[in-house]
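# Fold and contact review
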Amino acid sequence: MLNDPDVDKQPGMGLVLRAARFAAWKHRHQRRKGKGRLPYINHPLDLAHVLWFEGQVTDPIVLAAALLHDTLEDTQTTVQELQGEFGEEIGSIVMEVSDEPTLDWRVRKKLQVTRAKTATPRARLVKLADKICNLRSMIASPPQRWSVERRRAYFDWAREVVEQLRGTNPSLEERFDQVYRQRP
Ligand code: ZN
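In what follows, the accompanying structure is described. No experiment lies behind these values; they were computed from the predicted model shown.

At a minimum axis separation of 11 Å, helix α2 (residues 11-26) and helix α6 (residues 79-86) run at an interaxial angle of 150°. Classified by the angle their axes make, α2 and α6 are roughly antiparallel. Seen from above, α2 lies across α6 with right-handed handedness. Contacts from L15, R18, A19, F22 and K26 in α2 reach E81, L82, E85 and F86 in α6.

In structure tokens form, the structure reads like this:
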């Protein structure tokens, strides 16, 4: 199918596929925290799925950034590597949605709230989808050792971040509110 002329008409499709493949490789040894211990790549794929089907987001840069959004934070990937493979824009979106691993977790959580306020439009979409997916996972498959209090605190913190992102994509914000209502 290499000579299929339609391939050239949808350049964004190739970008999204390359991002999915890159992320799958980088996360290949990781599993999600929840009791289902799902392969890690299910999570970035969920984000892209939510953006497309629930947020009507068709921008390939956002979809690719969503697929790559945890590679800096959770794998050995560097920004230079991302920028080399996918361009500066995608590299900087992924940077925007990544925590600084050297900081204390409490500081990181607070920083997410303040940084959300000034995030760029594409990063805001990735953030929104991430929070929707994380809360859904928390309900479907909570991490085994997390108490109810800890899960509640996680829900509240996610909402605090999302409050800073309002006005980005009404249907995603509505989906977030729906899942927040299932707070344990
Ligand atoms: Zn994530």
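What follows concerns the coordination of the zinc ion. Ligation of the zinc ion by protein atoms is provided by H43 (NE2), H69 (NE2), D70 (OD) and D130 (OD), these donors lying 2.1 to 2.7 Å from the ion. Taken together, the four donor atoms surrounding the zinc ion define angles of 79 to 173° at the centre, an arrangement classified as irregular. Here the donor residues of the zinc ion are spaced in sequence according to H-x25-H-D-x59-D. Of the two residues, H43 is situated in helix α3 (residues 42-53) and H69 in the loop between α4 (60-68) and α5 (71-74); the sequence distance between them amounts to 26 residues. Just as H43 is buried, H69 falls in that class too.

Moving on, we get to the pattern of salt bridges. A side chain of one charge can pair with a side chain of the opposite charge when the charged atoms of the two come close. According to the stated counting rule, one finds ten salt bridges in the structure shown. Residue R175 is joined to E54 by a salt bridge in which the shortest nitrogen-to-oxygen separation is 3.3 Å. A residue pair is termed long-range when its members are at least 10 positions apart, and R175 in helix α11 (residues 170-180) and E54 in the loop between α3 and α4 qualify at 121 residues. Residue classification places R175 among the partly exposed residues on the basis of a relative accessible area of 30%. One salt bridge in this structure joins R122 and E89, with 3.1 Å as the shortest N-O distance. Taken together, the residues span a long stretch of sequence, with R122 in helix α9 (residues 121-140) and E89 in helix α7 (residues 88-96) at a distance of 33 residues. The class for R122 is partly exposed, based on a relative accessible area of 27%. Judged by its relative accessible area of 36%, E89 falls in the partly exposed class. What emerges from the salt-bridge pattern is a single network uniting E54, R136 and R175.

Thresholds applied
Residues numbered from 1 in each chain as written. Predicted model: local features only at pLDDT ≥ 70, side-chain atom pairs only at ≥ 80, totals over all residues. Heavy atoms only, no water. Axes fitted to C-alpha atoms, helices over the stretch in contact; angles between N-to-C directions. Helix = DSSP H or I, 4+ residues; strand = E, 2+ residues; numbered from the N terminus. Parallel < 35°, antiparallel > 145°, perpendicular 65-115°, else oblique. Left-handed = near helix turned anticlockwise from the far one by under 90°. Contact = heavy atoms within 4.5 Å. Donors = N, O, S within 2.8 Å, 3.2 Å for Na, K, Ca; no water. Tetrahedral: all angles 85-135°; square planar, octahedral: opposite > 155°, others 65-115°. Buried < 20%, exposed > 50% of the residue type's maximum accessible area, 1.4 Å probe, protein only. Salt bridge = Lys/Arg side-chain N within 4 Å of Asp/Glu carboxyl O.

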